[in-house]
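Results of the structural survey
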Amino acid sequence: MTDTMTLSKDQLVKQAQRDMEQKLAGGSWSLREKLALTCRILYDGGHDSGLAGQITARTGEPGTFYTQQLGMGFDEITASNLLKVDEHLNVLEGERMANPANRFHSWIYRARPDVQCIIHTHPLHAAALSMLEVPLEISHMDNCVLYGDVAFLKDWPGVPVGNEEGEIISAALQDKRAILLAHHGMLVATESIEMSCQMALQFERAARMQLLAMSAGAIRPIPPELGKEAHDWILTPKRSEVGFAYNARKALRNHPDVLG
């Protein structure tokens, strides 16, 4: 057996990552099921704001994605009542209509082939922070999943149902995985449903922590190299899968109808 007490930090990190890949398992849900679970997870995580916000995921067919029906809250979404729409928001499968604000999701998907899932919500603390017109500050280890990965749009473009808003938001996001939209809310766009869900949860927690810290004094920055190290340690597909599976188990206990 290797004497790990003599290994460097870099060696220990690589060993832990190999072990996680081999020994930890996520879930086996379908795309629809994962998206429905994400709606319930975020509802329980404080992302509920009436009918505001959209959650989408590519279907695997070019130019199409799944999303929730307009008129239904995150706590009502199931795998069976999701819509399949094209980038013009025409409903291909399902009933009623999608939220017209999904149009800016189409712009992000066009600009970012790497993005598989977009979450846009108005959770209380992120929305409150957006009113101050200040960027999200990442200065705690738990929040480093977002370190160097959050853009900021200071000028509110108005209700995001036009193509102009789609162009503005997708351009402001650039190559980041998240963005704070002033006077609006937050958005996360990543390479998987699991990663988007986990980052969205942490975004709201980071905003809450920032508001608490700002009320007590000036926030002190962390060393950039350590922030980057923590970002890369936390933000891996396997950790996202395992974290999502934990939150999904909680959601299934609270919402046994979600997979229906």
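Here the structure is a predicted model, which is why all the values come from computation and not from measurement.

So, about the UniProt feature "domain: Class II aldolase/adducin N-terminal" (unreviewed entry) in the chain. Mapped onto this numbering, the UniProt entry annotates "domain: Class II aldolase/adducin N-terminal" (unreviewed entry) at residues 33-211. In residues 33-211, the share of helix is 32% and the share of strand is 20%. The end C-alpha atoms are 34 Å apart.

With that out of the way, let us pick up the packing of aromatic side chains. Under the counting rule described, the total for this entry stands at 2 aromatic pairs. Each ring, one from W29 and one from F244, has its centre 5.9 Å from the other, and the planes form 75 degrees; the classification is edge-to-face. Of this pair, W29 sits in the loop between α1 (9-23) and α2 (31-44) while F244 sits in helix α8 (residues 237-254), placing them 215 residues apart in sequence. A relative accessible area of 1% means that F244 is categorised as buried. A centroid spacing of 5.4 Å and a plane angle of 40 degrees characterise the contact between F65 and Y109, whose relative ring orientation is tilted. Of this pair, F65 sits in strand β2 (residues 64-67) while Y109 sits in helix α3 (residues 103-111), placing them 44 residues apart in sequence. Given a relative accessible area of 2%, F65 falls into the buried group.

Running from amino to carboxyl end, α3 crosses helix α5 (residues 163-173) at an angle of 45 degrees, the nearest separation of the two axes being 8 Å. What the angle tells us is that α3 and α5 run oblique. When you trace α3 past α5, the crossing you get is right-handed. Mapping the contact onto sequence places R103, F104, W107, I108 and A111 in α3 and N163, G166, E167, I169, S170 and L173 in α5. Across the contact of α3 with α5, the residue classes break down as 6 nonpolar, 3 polar and 2 charged.

Examined against the element boundaries, Q15 turns out to sit in helix α1. When the C-alpha atoms of Q15 and T4 are compared, they prove to be 9.8 Å apart, with 11 residues separating the residues in sequence. Beyond its immediate sequence surroundings of up to four residues, Q15 is in contact with T4 and L7.

We now examine the nonpolar core. Counting residues in hydrophobic clusters, the biggest one holds 44 residues, and the most contacted among them are L35, L136, L146 and F203. For this core, the element with the highest residue contribution is helix α6 (residues 193-216), accounting for 9 residues. With residues near it in sequence (within four places) discarded, F203 still touches A126, L136, L146, V150, A178, I179, L180, M186 and V188. Within the second largest apolar cluster, 19 residues are counted, among which are V85, A98, A151 and L153.

The grouping of D44, D48, D75 and E76 at the surface amounts to a negative patch. Tracing the sequence through the fold places D48 in the loop between α2 and β1 (54-58). Relative accessible area serves as the criterion here: at 38%, D48 is assigned to the partly exposed category.

Attention now goes to the sheet that holds strand β3 (residues 83-86). Consider a sheet: its strands pair through backbone hydrogen bonds, and that pairing is either parallel or antiparallel. Read from one edge of the open sheet, 8 strands run β4-β3-β2-β1-β5-β8-β7-β6, paired in mixed fashion. Edge positions in the sheet fall to β4 (91-93) and β6 (150-153), since each has one partner strand and no second. Between one strand and the next, the sheet's axes are offset by a mean angle of 25 degrees, whatever the strand orientation. Both β3 and β4 contribute to a ladder of 2 bridges, which runs antiparallel. Counterpart to K84 in the pairing with β4 is E93.

Another point: the side chain of R40. Relative to the assigned elements, R40 resides in helix α2. R40 gets classed as buried once you look at its relative accessible area, which sits at 1%. There is a polar contact of 3.3 Å between the side chain of R40 and the side chain of H255. The contacts of R40, once residues within four sequence positions are left out, are F74, D75, E76, I77, T78, A251, H255, D257 and V258.

Attention now moves to the pairing of strand β8 (residues 185-190). Most of β8 sits out of view: 6 of its 6 residues are buried. The sheet contact formed by strand β5 (residues 117-121) and β8 spans 5 bridges and is antiparallel. Bridge pairing links C117 to T190 in β8. As paired elements, strand β7 (residues 178-181) and β8 share 4 bridges and run antiparallel to each other. Of the residues in β8, the one forming a bridge with L180 is M186. Connecting β7 to the antiparallel partner β8 that follows it, the hairpin turn spans 3 residues, and H183 within it adopts a positive phi of roughly 60 degrees.

Scoring rules and cut-offs
Residues numbered from 1 in each chain as written. Predicted model: local features only at pLDDT ≥ 70, side-chain atom pairs only at ≥ 80, totals over all residues. Heavy atoms only, no water. UniProt positions renumbered as here; feature names shortened; annotations may be inferred. Helix = DSSP H or I, 4+ residues; strand = E, 2+ residues; numbered from the N terminus. Phe/Tyr/Trp six-rings, centres within 6.5 Å; stacked < 30°, edge-to-face > 60°. Buried < 20%, exposed > 50% of the residue type's maximum accessible area, 1.4 Å probe, protein only. Axes fitted to C-alpha atoms, helices over the stretch in contact; angles between N-to-C directions. Parallel < 35°, antiparallel > 145°, perpendicular 65-115°, else oblique. Left-handed = near helix turned anticlockwise from the far one by under 90°. Contact = heavy atoms within 4.5 Å. Nonpolar A, V, L, I, M, F, W, Y, C, P; charged D, E, K, R; others polar. Core = buried A, V, L, I, M, F, W, Y, C linked by side-chain atoms within 4.5 Å. Patch = residues over 30% accessible without salt bridge, like charges linked within 9 Å, V, L, I, M, F, W, Y side chains within 5 Å. Areas by Shrake-Rupley, 256 points an atom, 1.4 Å probe, with all protein chains shown as cover. Salt bridge = Lys/Arg side-chain N within 4 Å of Asp/Glu carboxyl O. Lys, Arg positive; Asp, Glu negative; His and termini not counted. Charge placed at Lys NZ, Arg CZ, Asp CG, Glu CD. Pairing = 2+ DSSP bridges. Polar contact = N/O pair within 3.5 Å; in protein donor to acceptor, adjacent residues only side chain to side chain.

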